[in-house]
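What the coordinates show
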Amino acid sequence: MKTLAILAVVVAPSVVCAQYIGNPCGKAVPRGAPGHRPPAVCGFAGLDIGFGSFDVDADYEVVSGGVARTLRETSELRETYFAFSGGGNIEGFELEGRLGGTWIELRDDAFTEDPFQDGGGVLVGFGLRYGFSPAEFLRLGLGGQMEYSYTEGDTRVSDGVSVWKEDIELDLFRGQLFTGASLDLEAGRDLVFSPYAGAGLEFLSGELALDDWFSPFDDEVADIEEKRVGFIFGGLDMHIGRRARIGLEARTNFDGWLAQVSFGIRF
């Protein structure tokens, strides 16, 4: 077995913005439903809860036999999260921000223990989308969003002889571009079902670093990138009455998946 260079056991609690996409044509209002024409301007807020698991390409700086080298592996990035969201809808344009909590793990068979476990941190994110209804019951849309997360915890580092504990930090940058279509099917006066599907591109870049107390610069020990950038997704929004929404969504890039549920209100 290869000499272990990095063992991460992260114990800090976390706050993060999730990677949930939502209806690409707009979450707040079912504009394609004839009986649910919304006002030109409205606000919305919600809560998203989900879990995802994706493969990422990781380059680890390790020590084997007393010699430093780069270990290139495919790691599994697991993330459990909740996120509060809020924004506004103006004639089909939606601007949204999110803030919540996450727990992240990196798993890799190359190490005797996972290189990053139980990680938590902070993340800010925002997104913009536009949806329009070219015909009754139908909407088309496109959008994009960006997120940044910072997590920290403890790690064990080996130089090939000794093992000691260090602080470790993980920075993740994510960007997504997506497009899709949605149907707005009225099941009654106070209920609209909005199934949607779409496709997009995701770009993820991360850096794992040791926090050096004696230097203004951190020691980078790993680079992380998305293994596949293309993905497809689909979901269902249920608009109840004039204000409430419940949503389900699933996504895959064929090297991983994500599933989540969301709750929202319009005001």
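That block above? That's the structure.
This text gives an overview of the structure that appears in the document. (Residues numbered from 1 in each chain as written. Predicted model: local features only at pLDDT ≥ 70, side-chain atom pairs only at ≥ 80, totals over all residues. Heavy atoms only, no water.)

**Description of the environment of Lys227**
Residue placement: Lys227 occurs in the loop between β10 (219–226) and β11 (230–240). If we ignore the near neighbours within four places in the chain, the residues touching Lys227 are Asp55, Val56, Asp57, Thr74 and Asp255. (Helix = DSSP H or I, 4+ residues; strand = E, 2+ residues; numbered from the N terminus. Contact = heavy atoms within 4.5 Å.)

**A few points about the packing of aromatic side chains**
Counted under the stated rule, the structure contains nine aromatic pairs. Centre to centre, the rings of Phe82 and Trp103 are 6.2 Å apart; their planes meet at 40°, and the pair counts as tilted. Remark: Trp103 occurs in strand β4 (residues 93–107) and Phe82 occurs in strand β3 (residues 67–90); sequence separation between them is 21 residues. Judged by its relative accessible area of 29%, Phe82 is partly exposed. Arranged with centres 4.9 Å apart and planes meeting at 40°, the rings of Tyr148 and Phe173 form a pair that is tilted. Placement of Tyr148 in strand β6 (residues 138–158) and of Phe173 in strand β7 (residues 163–183) is noted, with a sequence separation of 25 residues between them. Among the aromatic residues, those joined into a ring-pair cluster are Phe178, Tyr196, Phe231 and Phe233. Geometry around Phe231 places Arg251 over its ring, the cationic atom sitting 5.0 Å from the centre. (Phe/Tyr/Trp six-rings, centres within 6.5 Å; stacked < 30°, edge-to-face > 60°. Buried < 20%, exposed > 50% of the residue type's maximum accessible area, 1.4 Å probe, protein only. Lys NZ or Arg CZ within 6 Å of the ring centre and 35° of its normal.)

**What about a nonpolar patch on the surface?**
Nonpolar side chains collect at one region of the surface, where Val41, Ile90, Phe93, Leu95, Phe126, Leu128 and Met146 lie side by side and expose about 740 Å² of accessible area between them. Going through the elements one at a time, β4 and β5 (116–135) are the ones with two or more residues in the nonpolar patch. Its relative accessible area of 56% is what places Val41 among the exposed residues. (Patch = residues over 30% accessible without salt bridge, like charges linked within 9 Å, V, L, I, M, F, W, Y side chains within 5 Å. Areas by Shrake-Rupley, 256 points an atom, 1.4 Å probe, with all protein chains shown as cover. Salt bridge = Lys/Arg side-chain N within 4 Å of Asp/Glu carboxyl O.)

**Description of a negative patch on the surface**
There is a patch of like negative charges on the surface, built from Glu61, Glu207, Glu220, Asp223 and Glu225. A per-element tally of the negative patch places β10 first, with three residues. (Lys, Arg positive; Asp, Glu negative; His and termini not counted. Charge placed at Lys NZ, Arg CZ, Asp CG, Glu CD.)

**Thoughts on the side chain of Glu105**
Tracing the sequence through the fold places Glu105 in strand β4. Glu105 gets classed as buried once you look at its relative accessible area, which sits at 19%. At a separation of 3.0 Å, a polar atom in the side chain of Glu105 contacts the side chain of Arg107. (Polar contact = N/O pair within 3.5 Å; in protein donor to acceptor, adjacent residues only side chain to side chain.)

Structural measurements only, silent on function.
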